[in-house]
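One-letter residues, chain by chain:
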Amino acid sequence: MIRLYKVYHRFSPFTSCCCVVHPFSLGNARFPSSSLRSPGHLRTHSRSLFKPAMTASRFNRLVPVNSALAEDSSTAGNGSANASVTFTEEDDENDAIGVKYRVPPPEIRDIVDAPPLPALSFSPLRDKILFLKRRSLPPLAELARPEEKLAGIRIDGKCNTRSRMSFYTGIGIHQLTPDGSLGPEKEVSGLPDGAKINFVSWSSDGKHLAFSVRFEEEESSSGKLRVWVADVMTGTARPLFQSQDIYLNAVFDNYVWVDNSTLLVCTIPLSRGDPPKKPLVPSGPKIQSNEQKSVIQVRTYQDLLKDEYDEDLFDYYATSQLVLASLDGMVKEVGSPAVYTSMDPSPDEKYILISSMHRPYSFIVPCGRFPKKVDVWTADGKFVRELCDLPLAENIPIAFNSVRKGMRSINWRADKPSTLYWAETQDEGDAKVEVSPRDIIYTQSAEPQEGEQPEILHKLDLRYGGISWCDESLALVYESWYKTRRTRTWIISPGSKDVSPRILFDRSSEDVYSDPGSPMLRRTPAATYVIAKLRKENDDGTYVLLNGSGATPEGNIPFLDLFDINTGSKERIWESDKEKYYESVVALMSDQKEGDIHLNDLKILTSKESKTENTQYYIQSWPDRKSCQITDFPHPYPQLATLQKEMIRYQRKDGVQLTATLYLPPGYDPSKDGPLPCLVWSYPGEFKSKDAAGQVRGSPNEFAGIGPTSALLWLARRFAILSGPTIPIIGEGNEEANDRYVEQLVSSAEAAVEEVIRRGVAHPNKIAVGGHSYGAFMTANLLAHAPHLFSCGIARSGAYNRTLTPFGFQNEDRTLWEATNTYVEMSPFMSANKIKKPILLIHGEEDNNPGTLTMQSDRFFNALKGHGALCRLVILPFESHGYAARESIMHVLWETDRWLQKHCVSNTSEVSPDIDASKDVGGKEVTDSENKAVAASGGGGAELADDFESGQFHSKPRSLMW
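The rules behind the values
For every chain, the first residue of the written sequence is number 1, and numbering continues from 1 along that sequence. Note on the predicted model: pLDDT of at least 70 is required for a residue's local features to be given, and 80 or more for side-chain atom pairs to be given and counted; whole-chain, interface and lining totals, by contrast, use all residues. Excluded from the side-chain calculations are hydrogens and water; all other atoms, namely the structure's heavy atoms, are used. Counting from the N terminus, the helices are DSSP H or I runs at least four residues long and the strands are E runs at least two residues long. Remark: exposure states derive from per-residue accessible area (1.4 Å probe, protein chains only) relative to the maximum for the residue type, with buried under 20%, exposed over 50%, and partly exposed in between. Contact definition: two residues touch when any of their heavy atoms are within 4.5 Å. For two strands to count as paired, DSSP must find a minimum of two bridges between them. Fitting a line to C-alpha atoms yields each axis, with helices limited to the stretch in contact; the angle taken between N-to-C directions then spans 0 to 180 degrees. A side-chain nitrogen of Lys or Arg and a carboxyl oxygen of Asp or Glu constitute a salt bridge if their distance falls within 4 Å. We define the nonpolar core as a collection of buried residues of types Ala, Val, Leu, Ile, Met, Phe, Trp, Tyr and Cys that are connected through side-chain atoms lying within 4.5 Å of one another. A pair of Phe, Tyr and Trp rings is counted when the ring centres sit within 6.5 Å of each other, with Trp represented by its six-membered ring. The angle between the planes then sorts it: under 30 degrees is stacked, over 60 is edge-to-face, the rest tilted. Remark: a charge is flagged as sitting over a ring if the NZ atom of Lys or the CZ atom of Arg is within 6 Å of the ring centre and within 35 degrees of the ring normal. Using a grid of 1 Å spacing that covers the protein atoms alone, one calls a set of points a cavity when a 1.4 Å probe fits there but cannot get out, and a pocket when the set is open and has protein on both sides within 12 Å along at least five of seven lines; lining residues are those with an atom within 4 Å of a point. Grid points are joined across faces, edges and corners, and a volume is the space filled by probe spheres set on the points. The pLDDT value tells you how sure the predictor is about a given residue, anywhere from 0 up to 100. To estimate how far a helix should extend, the number of its residues minus one is multiplied by 1.5 Å.

Turning next to the overall build of the protein. The number of helices and strands found in the protein is 10 helices and 53 strands. With 962 residues in all, the protein has 64% of them scored as buried. Put simply, of all contacts in the protein between residues at least 6 apart along the chain, 65% involve residues at least 24 apart.

Shown next as structure tokens:
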């Protein structure tokens, strides 16, 4: 199915574009987790809605499920506030340090409380659409539920799933007629009152839905998850298991369709008793040892196992019993209980790839690095063979592109019945080791003949990034190298050894102008996705569709190219409107039949939006290019429907071209109204060249998506908003970008401030700066080193002392001892004595993001207070790196609005944008070579986002503001 969430995401208002299409699934697509190149390709795996699956669209990251963000956590729940929580609107100066939760002014509150739009899910045959109903923000009581912090993940023991998991409240089924219109809604019926729905998944034939259901069993507590199925034709739902004692274990994988009538389900073992009890008196001290003198460097992971009790508790919650269950009531336990992490049926439905983890566990790395075992089973649950049993991986080097030793990225070929492929590193997993080849890709049948060895498919000198399969004559292999930003795409013929591999594209991943696009995929009868081949009338060429974002100096103009894979020639068969609208290709809709697609039968799903019109979806059909609108979502915040948006360009003093998006309130006229108070909200990005840093990303015609903590909310308070001004930290050649962090940061900020003042839209004494995560780090550094630019700052969930992350952070892979000056000089904690402008610090009390421990804000606040700075620290109970509960979000907005009104709108002190004012009290300019500092990531990610192999799940670029 195709799963769409163009819902003006509630958690990421300011990425490179203002509105993001969330990951969606195509049918019950079977995609290997590394089947696509990165960056620029989705990394996919499951057929479940809960996990992202492949789309033809280009996205830099996916949102796999983690403890903080589940399916629709972007708009997490509506919730009425907990009855025990008190709200007040008063802003009594003497009560500003009270313990009550506050709410912002109505003009902000009404936008945040607007009902969310549903998520969309297309059936495998493209003839039906699900409308997955959602609530708004959840009450704090849901976040306050007890959770176990184990091995880098957080578990809700009551539900036996990841904690803080949001849900759908209902499912509506619409028929999609051939002319593109929607039939009346058929609500899925038979569900218990108050049902909370997760993990919605289609059967391959589109006749049934499977999903989990939980509901309130006791006051303020939610029960365990049960698997339900629904008949799509009638809309009637029922439990999959007749027994009331079989519950879903969703700590890792949950369930998967084996065929159209059978599911393989991770269940809580029936023999499981009560959780282990923590001993009152430990059996001995907690000891860690390195008497072997191993070199083990790890980043600052959180929520790790601490002792034997934690190990037992992890086993208790994570251990599953696999159960085969058919729609006709058959139930069969298969295998022994274990910590199963993934289940992936082969395309021919004869085998299942089973991954699990086992002891010995670790106290210094998350569970993604625990010993990992991968087996092949038959579809009826019989063991066939062991593919690998990888040892504990505590010593993966911190250098980017370092990986685990042994077999990795093991998956089924999408174009074959039951053929496996995987990669193995040749450099011991260490990116600093020079070797050729660096990775080798192997392939082998599920049940090889005795003595049959794996076949080498391809060798790579960069790091393997996945494969897009087509058939025996065509597959695309991706490789990349972070340090040089080089990315290459190879064409191989898997079934023809006499055809030499050749490079199709060889480019810099930073050069968005040269991005040729990604191949669009089509669904196969086996519910996998392969590269779609097209044919033209009276033409024997081999064509594929390249779907690209179309970055240009005027902004993104998405396109669809018909690309001849043999000659390299291309024909643009579709392009977004350039004048008023921003359109993009979401998915292929004409893949119901097997075989190549004739160009005249092409049908695609597109999205369309403008600066003031929210996203709607259309189906476009060839040859007449007829477009049919299939959604008609209301404007989510009509009070800002006429806001003004402009993508502006300006230049840094060293010649680097910069861009930003300038938003102005509805009805604002600078000639009549004069300059406004201005909020600058951004996030630094790291680049290898000035040319790449100066390229335009995003479109001036994209709809302005406003999340619940978005800076754009202050348009309703008559602020000018400078969103995402480019803050490039450039390291050319052998230079490390972080070594000139402060210099480049200040220079970029000066250019942005000078531009909004030059335009007459921002009052020079009333410009505030803010950011989230690495953007908060940026904010603190700007107040320390560029106080002449800003009246105040707002820093949310940041890290301020880099000596507390000594083995790397963000995109820095040198250690503190290798780059001591850089670590120290870039830390705003070390410059706390220089910060004289008001700074508001906000942090979740339960921040689980590596690098941004809550104590970072605690210690920074104490340093500021120790030097008499005007500062305020707000710690949000139960909140993590991003904020979710309505009470918390409303209070964050109240704090932010109070700070802006008091220290920006009402500011009367002089703030001079004069470059010379960048000199500090001692008269030393921040651009002095001795004041170099550190840097950032390539745009919009969280402080750190390792993949599951390294202990974390891929996360969607965290918003610059939540």
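There's more to say after this.
Within the open sheet, the four strands sit side by side as β11-β12-β15-β16. Their pairing is antiparallel. Each end of this open sheet is capped by a strand with a single partner; those strands are β11 (196-202) and β16 (237-239). Averaged over neighbouring strand pairs, the angle between their axes works out to 30° when direction is ignored. Of the strand pairs in this sheet, strand β15 (residues 226-231) and β16 are connected by three bridges, and their pairing is antiparallel. The residue of β16 that forms the bridge with alanine 230 is alanine 237.

The next subject is unusual backbone geometry. Negative phi values dominate among residues other than glycine, just as trans dominates among peptide bonds. Between serine 436 and proline 437 the backbone carries a cis peptide bond, its omega angle lying at -5°. Here proline 437 lies in the loop between β25 (419-425) and β26 (439-445). Cis peptide bonds are those with omega within 30 degrees of zero, and the linkage from tryptophan 622 to proline 623 qualifies with 10°. Tracing the chain through its elements places proline 623 in the loop between β42 (616-621) and β43 (626-629). Even without glycine at this site, asparagine 401 takes up a positive phi of about 75°. Here asparagine 401 lies in the loop between β23 (383-390) and β24 (407-412). Exposure remark for asparagine 401: the relative accessible area of 18% places this residue in the buried category. Positioned with a positive phi, serine 797 is a non-glycine residue whose angle comes to about 55°.

This brings us to the sheet that holds strand β53 (residues 871-876). A sheet is described by the order of its strands in space; here eight strands give the open sequence β44-β45-β48-β46-β50-β51-β52-β53, paired in mixed fashion. Since the sheet does not close on itself, it has two edges, and those belong to β44 (644-651) and β53, each with one partner. The sheet shows a mean angle of 20° between the axes of neighbouring strands, direction not considered. Taken together, the four bridges between strand β46 (residues 676-681) and strand β48 (residues 720-723) define a ladder with parallel strand orientation. If you follow cysteine 678 over to β48, its bridge partner there is alanine 720.

As enumerated under the stated definition, the model contains 52 salt bridges in all. Close ionic contact of glutamate 187 with lysine 133 constitutes a salt bridge, the shortest N to O distance being 3.2 Å. One end of the pair, glutamate 187, is in strand β10 (residues 186-187); the other, lysine 133, is in strand β5 (residues 128-133), and 54 residues separate them in sequence. Overall, the relative accessible area of 38% leaves glutamate 187 in the partly exposed class. The closest approach of N and O atoms between lysine 432 and glutamate 818, which form a salt bridge, is 4.0 Å. Taken as a pair, lysine 432 in the loop between β25 and β26 and glutamate 818 in the loop between β51 (792-796) and α8 (820-825) lie far apart in primary sequence, 386 residues in all. What makes glutamate 818 partly exposed here is its relative accessible area of 48%. One salt-bridge network, in which partners are shared between bridges, spans Arg408, Asp427, Glu434, Arg438, Asp439 and Arg463.

Let us look at the pairing of β43. Pairing of β42 with β43, which is carried by four bridges, proceeds in the antiparallel orientation. Bridging from a neighbouring strand, tyrosine 618 pairs with glutamine 629 of β43. Hairpin connection from β42 to β43: four residues lie between these consecutive antiparallel strands, with arginine 625 at a positive phi of about 60°.

On to the pairing of β26, then. Judged by how many residues are buried, β26 sits mostly within the fold: six of seven residues are covered. The pairing of β25 with β26 spans seven bridges and is classified as antiparallel. Note on β26: the bridge partner recorded for threonine 419 is serine 445. Sheet topology note: the β26/strand β27 (residues 455-460) ladder contains five bridges and is antiparallel. Note on β27: the bridge partner recorded for threonine 443 is glutamate 455.

Attention now moves to the nonpolar core. Leu722, Tyr741, Phe790, Ile839, Phe860 and Leu864 are the most contacted members of the largest nonpolar core, which totals 62 residues. The dominant element in this core, judged by the number of residues it contributes, is helix α6 (residues 741-758), at nine residues. If sequence neighbours within four positions are ignored, phenylalanine 860 has contacts with Ala780, Tyr800, Pro828, Phe829, Ala832, Ile835, Ile839 and Leu841. With 37 residues, the next largest nonpolar core counts Ile111, Leu713, Ala768 and Cys904 among its residues.

It is worth spelling out the packing of aromatic side chains at this point. Tallying each qualifying case throughout the model produces 19 aromatic pairs. Taking the centre distance of 5.8 Å and the plane angle of 15° together, the rings of tyrosine 637 and phenylalanine 703 count as stacked. Placement of the pair is tyrosine 637 in the loop between β43 and β44 and phenylalanine 703 in the loop between α5 (690-693) and β48, with a sequence separation of 66 residues. Given the relative accessible area of 1%, phenylalanine 703 is considered buried. Their ring planes at 20° and their centres at 4.5 Å tell us that tyrosine 800 and phenylalanine 860 sit as a pair that is stacked. Of the two residues, tyrosine 800 sits in the loop between β51 and α8 while phenylalanine 860 sits in helix α9 (residues 854-866), which places them 60 residues apart along the sequence. Given the relative accessible area of 0%, tyrosine 800 is considered buried. Taking relative accessible area as the criterion, phenylalanine 860 reaches 0% and is therefore assigned buried. An aromatic cluster of three or more residues is present, and its members are Phe252, Phe314, Tyr361 and Phe370. Taking the ring centre of tyrosine 316 as reference, the NZ or CZ of arginine 272 above it sits at 4.0 Å.

There is about 430 Å³ of room inside the second largest pocket. In terms of lining, the second largest pocket is formed by 17 residues, of which the most central are Pro282, Ser283, Gly284, Asp307 and Glu308.

Averaged over all residues, the pLDDT of the protein equals 86, while 84% of them reach at least 70. Per-residue pLDDT stays below 50 along residues 5-84; that stretch engages in 350 contacts with residues further than four places along the chain or on separate chains. Contacts for the low-pLDDT stretch residues 915-962, under 50 throughout, to residues beyond four places or in other chains number 189 contacts.

A separate point is α9. With 13 residues, α9 should cover 18 Å at 1.5 Å per step; its first-to-last C-alpha distance of 19 Å lies within 8% of that length. Listed in full, the buried residues belonging to α9 are Thr854, Gln856, Ser857, Phe860, Phe861, Ala863 and Leu864. Looking at the packing, one finds that the buried side of α9 touches α7 (774-785), β52 (839-844) and β53. Phi for glycine 868, located one or two positions after α9, is positive at around 75°.

This part is about the side chain of asparagine 556. Considering the arrangement of structural elements, one finds asparagine 556 in the loop between β36 (543-548) and β37 (559-564). Ignoring anything within four residues of it in the chain, the contact list for asparagine 556 reads Ser549, Gly550, Ala551, Tyr582, Val696, Arg697, Gly698 and Ser699.

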